[in-house]
Structure formats: C-alpha cells, structure tokens
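As a plain string of letters, each chain reads:
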Amino acid sequence: MREIQLPLSQTQKVRLQKALEQLESLSTKVNSDASVIIADSIHVNHEDGVLKGHGTADLNGEVVATLCGVVERVNKLVYVRALRSRYKPEVGDIVIGRVVEVAQKRWRLEINYNQDAVLLLSSMNMPDGVQRRRTAVDELNMRCIFEENDVVCAEVRGFQHDGLHLQARSRKYGKLNRGQLLTVPPYLVKRQKQHFHHLEEFGIDLILGCNGFIWVGEHVEAKDDMIEDQVSQSDSQVLFPNKNCVSLEEQEKNYTILETRKYISRAANAVRVLSTLGFNITLEIIKGIIDLSLSMNLDIHDMLGSEFCVLVAEKEAERRSSMKKRR
Amino acid sequence: MVGLSLGETHFIQGGIAQDLRCDGRKRLTYRPISVETGVIPQTNGSARVRMGATDVIASVKAELGKPSLLQPDKGKVSIYIDCSSTAEPAFEGRGGDELAAELSNALQHCLLGGKSGEGAGIDLSSLIVVEGKICWDLYIDGLVVSSDGNLLDALGAAIKAALSNTGIPRVEVAAGTSNDEHPEVDVSDEEFLQFDTSRVPVIVTLTKVGRHYIVDATSEEESQMSSGVSISVNRQGHICGITKRGGVGLDPSIILDMISVAKHVSEQLINKLDSEIASAEADEES
C-alpha cells in the first residue's frame, strides 16, 4: 500500500499534532535514546568492550549511527535496526505470501523479502490431509493446490542453502480465499503469540503477517479429517474442470454476503487507518477502531477521511495514557 | 501490474456487483481528493492532486511564440505526460512511455478540442498578443508520482487546478511599429492575467467490471476491467471528449448510459474540485 498523505484542515492539523505529541511524551520516558537518525551518537560503556554492529560506525572514539532507526543491544553487540526497510524473516514467523512461480517440487512466494521464499511440496499438508510420501502425480498436480498469484499463509522454517524456506504443516495454513490482502510496512506488525484471529461477532478472519501482508477475509471453518476427505474429493473432480465455465449468474450466488462484506471492508479500513498514522497493528486496536466507527454510525468509506484518522489518533493517546495510569 | 489470486478477483467483482467495494465505497464514489497549488515556483502555474494513493503533479509554462499559419488568431497549447520510475515497478526505464503517450493523447482529445481549436477548454483566442505575429505558447506537463489507478481523472483535475493557478504576464506592444516588421513587446514582471477556467472540463472515467461500471477505479479494480470509457464534461454539462480503453467492445446503449452517469457524477466532482482549488489558492496566499 502506498503511503497516503492526509489532507488535513487547520484544526485537524492542530489536533493531530497534539495527539502525536502526547503519544511521544508517553513513550519518551522509557525509550528516550532508542530512536536515532544518521550521525546521532550512541551512548555505550567503553570499558566493557562494545561490538559495533550494523548501522553503527566509530568516529573519533565515539559510536555514531549510520542509519535512521532504533538502537538494539544484544549483550555487547550494539546495532541499529532500520524501520522503513524490507521484512527480515525470523524462524517461526507467520507470513503471508503470493505465489510467483511453480517450480519443480516447490512454489516460490513473494513475501516482501530480498528474495523469493521457497515452499516445498514436502513441507505442507496435502489437501486430502493424508500423511504420505509425495509422488510424481502430486508434482504434476501442484497447480491444483497453488497456482501463480495465489495468496498463501505459511510459517518461516529457516534458511537453507537455496534460500528461505517456509512450511505449511497445519490446517490453518494454506490458500486464502474470499477476502482482500493489504500491505503495510512490516515494522507496524509486532511479533505476538497469536497471528490468526477469528472475529466471531463479525464472521471474518484476520491474519496479521509479520512481513506486513495482512489478510482480511470471510471466516473459513477448520474442518476435521473425515469430512475433509469427502469434500475435497468431490471438489477436486468438480471444481477444476468447471473453473472457467462458471456463468455470471452462478458466480453471483457465490459472492460473499453483503453483511459480512461490510465487516471485511470495515476491518480493512481500520488497518489502512493504522498504517496511515504509523501505529502498531494489533487485534485490540483494530477492534477498537471498528467499534468506534460502528458507534459513530460512520460510513465505511468515511473511515479513510481525515476527520476519523485524527479521531483515532486522539483515542489512541487517551488509551495509552489511561493504560499508563493503571500500572 | 497487480497480480491477484482467484479469491481476490472474485471478492473484488462481488464487491462491485453488490455496490460495496473493497474500501467501502459505492460504485460512483470517489476517493478523497486533495489539491495543492503553487508547488513548483519556477512555473507559471502548478498543482498537485492526490486521489487516495494516486499522486500527480501538473505544471503550466508560458512563452511567447508565433501563431500557426492555419489559425493566426489562436495561441498554441501542448500537453506532455511523464510517468516517474518510482511510481510503479513497471515504469522502470522506458516502461512508462507507452502509458504516458496514451495519457497524453487522451488528455489532448479531452481538453484541447479539434484541429480547428473550437471546443477547447482554454479560450485560445485569449492567448493572442498580436494577431498573426505573437502569441503565448502554453506547455502543460504532467508527472505521475504515484500510481494507484484512475490516472486520467487525476491528471485532468491537476491540469485544471494548474491552469487556475497560472498567471500570464501582461504584455505591452510598442506603438508605431510598421505592420510588416516584427512588433516589439515589453513583458511585465509585476502584472499577471488570470485564466478563466470555468470552461475547463473534468474527466470522469467509467470502468466496466462484469455488468457494472465504477468511477475512480483502483489498480486492483482496473486489473479486472473489461473496458473503460473516459468522458470529459464541462460545467455546462457538455461532452468535450470521449476516449475508450480496454479490448472488449461496448454496446452503444451502454455508452449512452455511461455518458449520462458521467454527467451526473461530474457535477459533484466539479463542485468538489472547485472548492478544493479555491481553498488551495487561499492556503498558498497565507
């Protein structure tokens, strides 16, 4: 998603500035020296011996930053983590990617990383759910599982000699349908215990990928194995030959119902608002924004307007200050 | 171009069919439009227009030249569009040239009228200094800074805003010059003439997806289009130009329906745009 600049009126500018200053004052006390820009000096204890890492340089015996970002310290290592950069994978991350190529025994996925990620045929569950050895027939049918431009959810497995490997060994991973994919800067998505969210009251699924890809779609029930066998068998025979022959009338019957679509759009716009403001994207904040827009009886499209964005910033400042007092 | 999965494609088409697009808009709703004028001080007039994530800049430069022999009583205007390489990966190198040429041609058809000069959004006669000898040449340049669909509407709006921001220096012609000689002129540094932009049209692009059509399509929605029709309408409700994109043919009755829809949409768009331009000019002065 390209960055959208808000067309703010004069009063909105003042209100937004005030809210951002309040947010900054709340966080400044704890992390006053964490964020740096180029040529800022980084305070280190020279007697302990310091390892100067990525984004730092020695200048007249002083450690200075060569990047804009946040200072991280790991034992004696001091480095600067740039915020506005491509996604840096870590083992165990939940990511969402788009298939760019179907190669021999593998799919290549674009996950907002320097290179494409690899998802091996042997690293994922087969659609029929049976645990068995992959055969040549499975290789020939790889495009029936994922084809180019499909959106796939997976987990980072690690770095191998031929690149970054993903795996999709659970029911919750796999192809994502009936929804929309949003792209936000990866630093807005924090690593958490749970990245799959089912908003029951809205009937939608929300997947916050660590790489900044966020999926908002219609809820899909995780079926158990017995039912899956029968459904997938009938699906594999009926769906693929008829894929391109579905008429327009039949296609319209399969559309997401309007009520669910409204909630999907509202959740997607909540993510867009957070991305525009540069706020952390978590389930709690997304739900708060959805509830705020619902309580105001706001039209879904007006969530992207300047007035609502300023209001969200003010509410976030209130929320964090109240959390501060509670501690 | 955006690559979309079947699920996403189906979701977008369903949204258009059910009149609830992915960001909550209806079929005939525009994204928020913001206008900024006077962004390039070296030009006679300039403007920047944002529609959602689409971002374009237009500028107008004026210089004295000689009128065309075919139309000695009219000035000259040319339009050139460039696509910045950073707007989209596909624009790298010469990737944007084809789209830029297409946009330039469409804008010329929509804004400058026919070969006779009649129907132009700009009164070309007002650009004449000395008939047959000296006139103003206007060079309108557009730059696509960020591309998220609906470039033609955004460029049309930016050019309209840039023209309203344009100041043409006042020209004094020295008296007593013989008719056969080239007249001597004195270009003022202090006094400027403002354009009358009330006749400059806006462009409304209707993109057909399935059996419906939408305005202000995003990149994802444009990737699902079968065809698109761009109609420029002026304040009086007159059609100033029509161009068509996409490979699928259209039934004439659909085109007539699109024209009436475009006229209806353009009323709101012109009012919205005029108020944005007025507030942008006020901001620039302060």
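Numbering of residues begins from 1 in every chain and follows the order in which that chain's sequence is written. Working convention: letters from A go to chains and numbers from 1 go to ligands, in the order in which they are written. Restriction of local features to residues with pLDDT of at least 70 applies here, the model being predicted, together with a cutoff of 80 or more for giving and counting side-chain atom pairs; totals for whole chains, interfaces and linings are based on all residues. Values shown for side chains rest on all heavy atoms present in the structure; no hydrogens or waters enter the calculation.

This part takes up the interface of chain A and chain B. Contacts are assigned to residue pairs that have any heavy atoms within 4.5 Å of one another. Opposite the 34 residues of chain A that make contact, chain B presents 34 residues. Buried area: the accessible surface (1.4 Å probe) lost by two parts on joining, summed over both. Buried surface at the junction of chain A and chain B, summed over both partners, amounts to about 2,800 Å²; 54% is from carbon and sulfur atoms. Note on definitions: salt bridges are taken to be side-chain nitrogens of Lys or Arg within 4 Å of carboxyl oxygens of Asp or Glu. Where chain A meets chain B, there are 1 salt bridge. In protein, a polar contact requires one atom able to donate a hydrogen and another able to accept it; more generally it is a pair of N or O atoms within 3.5 Å, and residues adjacent in sequence count only if both atoms are side-chain atoms. Counting across the interface, chain A meets chain B through 8 residue pairs in polar contact (both at pLDDT 80 or more). The numbering of helices and of strands both runs from the N terminus, where a helix is a DSSP run of H or I of at least 4 residues and a strand a run of E of at least 2. The set of elements that each furnish at least two residues to the side of chain A that touches chain B consists of β13 (179-183), α5 (248-253) and α6 (258-277) of chain A.

This brings us to the sheet that holds strand β11 (residues 227-233) of chain B. Residue and element names in this part refer to chain B. Here, any two strands with at least 2 DSSP bridges between them count as paired. Here 4 strands make up an open sheet; going across it, the order is β10-β9-β11-β12 and the pairing antiparallel. Lying at the two open borders of the sheet, with one neighbouring strand each, are β10 (212-215) and β12 (239-245). Within this sheet the neighbouring strands show an average axis-to-axis angle of 25 degrees, counted without direction. Pairing analysis gives 6 bridges linking β11 to β12, with the strands arranged antiparallel. Directly across from Ser230, in β12, lies its bridge partner Thr243. Structural elements are reduced to axes, namely lines fitted to C-alpha atoms, with helices fitted over the stretch in contact, and the angle between N-to-C directions of any two is expressed from 0 to 180 degrees. Strand contacts of helix α2 (residues 97-111): β9 (202-209), β11 and β12, with the helix running at about 155 degrees to β12, the strand carrying the most contacts.

A few words on empty space enclosed by the protein. Residue and element names in this part refer to chain B. Whether a set of points on the 1 Å grid over the protein atoms alone is a cavity depends on a 1.4 Å probe fitting there but being unable to get out, while an open set qualifies as a pocket with protein on both sides within 12 Å along at least five of seven lines; lining residues are those with an atom within 4 Å of a point. Grid points are joined across faces, edges and corners, and a volume is the space filled by probe spheres set on the points. Counting across every chain of the model gives 1 cavity of 30 Å³ or more. Put simply, the largest cavity is a space of about 30 Å³. At the level of elements, β4 (76-83) and α3 (151-165) are the ones that each hand at least two residues to the lining of the largest cavity. When residue character is reported, Ala, Val, Leu, Ile, Met, Phe, Trp, Tyr, Cys and Pro are called nonpolar, Asp, Glu, Lys and Arg charged, and the others, Gly included, polar. The class makeup of the residues in the lining of the largest cavity is 9 nonpolar, no polar and no charged.

Okay, α3 of chain B next. Every α-helix carries 3.6 residues per turn, so stepping three or four residues along brings you back to the same face. A rise of 1.5 Å per residue sets the reference length of α3 of chain B, with its 15 residues, at 21 Å; its end C-alpha atoms lie 21 Å apart and thus fit the reference within 8%. The element α3 of chain B is largely enclosed, with a buried count of 15 among its 15 residues. To estimate how far a helix should extend, the number of its residues minus one is multiplied by 1.5 Å. Each residue's exposure class comes from its accessible area (1.4 Å probe, protein chains only) as a fraction of the maximum for that residue type: buried when under 20%, exposed when over 50%, partly exposed otherwise.

All names here are of chain A. Taking 1.5 Å of rise per residue, 13 residues should cover 18 Å, and helix α7 (residues 283-295) covers 18 Å from first to last C-alpha, within 8% of that figure. Residues of α7 that are buried: Ile285, Ile286, Ile289, Ile290, Leu292 and Ser293. What you see down the axis of α7 is that its buried residues fit within an arc of 160 degrees, all on one side. Structural note: α7 exposes Glu284 and Ser295 on the side pointing more than 90 degrees away from its buried face. Regarding the arc, it is the one traced by the directions from the helix axis to the C-beta atoms.

Once that is clear, we can look at the sheet that holds strand β6 (residues 77-82) of chain A. All names here are of chain A. One open sheet accounts for 4 strands, arranged β1-β5-β6-β2; its pairing is mixed. Either end of the sheet is taken by a strand with one partner, and the two such strands are β1 (35-36) and β2 (51-52). Across 2 bridges, β2 lies against β6 in parallel orientation. Opposite Lys52, over in β6, you have Val78 as the bridge partner.

Below, the discussion takes up the packing of aromatic side chains. Aromatic rings from Phe, Tyr and Trp, taking only the six-membered ring of Trp, are treated as a pair when their centres fall within 6.5 Å; an angle between ring planes under 30 degrees marks them as stacked, one over 60 as edge-to-face, and anything in between as tilted. Summed over all chains, the structure comprises 4 aromatic pairs over all chains. Summarising the aromatic geometry, the rings of Trp107 of chain A and Phe146 of chain A are spaced 5.1 Å apart at their centres and angled 70 degrees between planes, so their arrangement reads as edge-to-face. Here the residue Trp107 of chain A occupies a position in strand β8 (residues 106-110), and Phe146 of chain A occupies one in the loop between α3 (142-145) and β10 (151-160), the gap between them amounting to 39 residues. Under the relative-accessibility criterion, Trp107 of chain A is labelled buried at 0%. For a ring to carry a charge above it, either NZ of a lysine or CZ of an arginine must fall within 6 Å of the ring centroid while also lying within 35 degrees of the normal to the ring plane. The side chain of Arg261 of chain A reaches across the aromatic face of Phe11 of chain B, ending 4.4 Å from its centre.

Another point: the side chain of Thr43 of chain B. Residue and element names in this part refer to chain B. Along the chain, the position of Thr43 falls in the loop between β1 (33-37) and β2 (45-51). Within the local environment of Thr43, its side chain forms a polar contact with the backbone oxygen of Ile40, the two atoms lying 2.9 Å apart. Ignoring any residue separated from it by four or fewer positions in sequence, one finds Thr43 in contact with Ser59, Val60 and Lys61.

Let us look at the packing of α6 of chain A against α7 of chain A. Residues and elements named next belong to chain A. It is the contact of α6 with α7, at a shortest axis distance of 9 Å, that shows an interaxial angle of 115 degrees. Of the two possible hands of crossing, α6 and α7 adopt the one that is right-handed. Side by side, α6 and α7 meet where Tyr263, Arg266, Ala267, Ala270, Val271 and Leu274 of the first sit next to Ile285, Ile286, Ile289, Ile290, Ser293 and Leu294 of the second. Taken together, the residues of the contact of α6 with α7 break down into 10 nonpolar, 1 polar and 1 charged. Should the near helix be turned counterclockwise from the far one by less than a right angle, the crossing is left-handed, whereas a clockwise turn marks it as right-handed.

A word on the pairing of β8 of chain A. Residue and element names in this part refer to chain A. Here β8 shows a clear split, with Trp107 and Leu109 buried on one side and none of Arg106, Arg108 and Glu110 buried on the other. Here 5 bridges tie strand β7 (residues 94-103) to β8, and the two strands are oriented antiparallel to one another. Across the sheet, residue Ala103 finds its bridge partner in β8, namely Arg106. Hairpin connection between β7 and β8: a loop of 2 residues separates the two successive antiparallel strands, and Lys105 in this loop has a positive phi of roughly 60 degrees.

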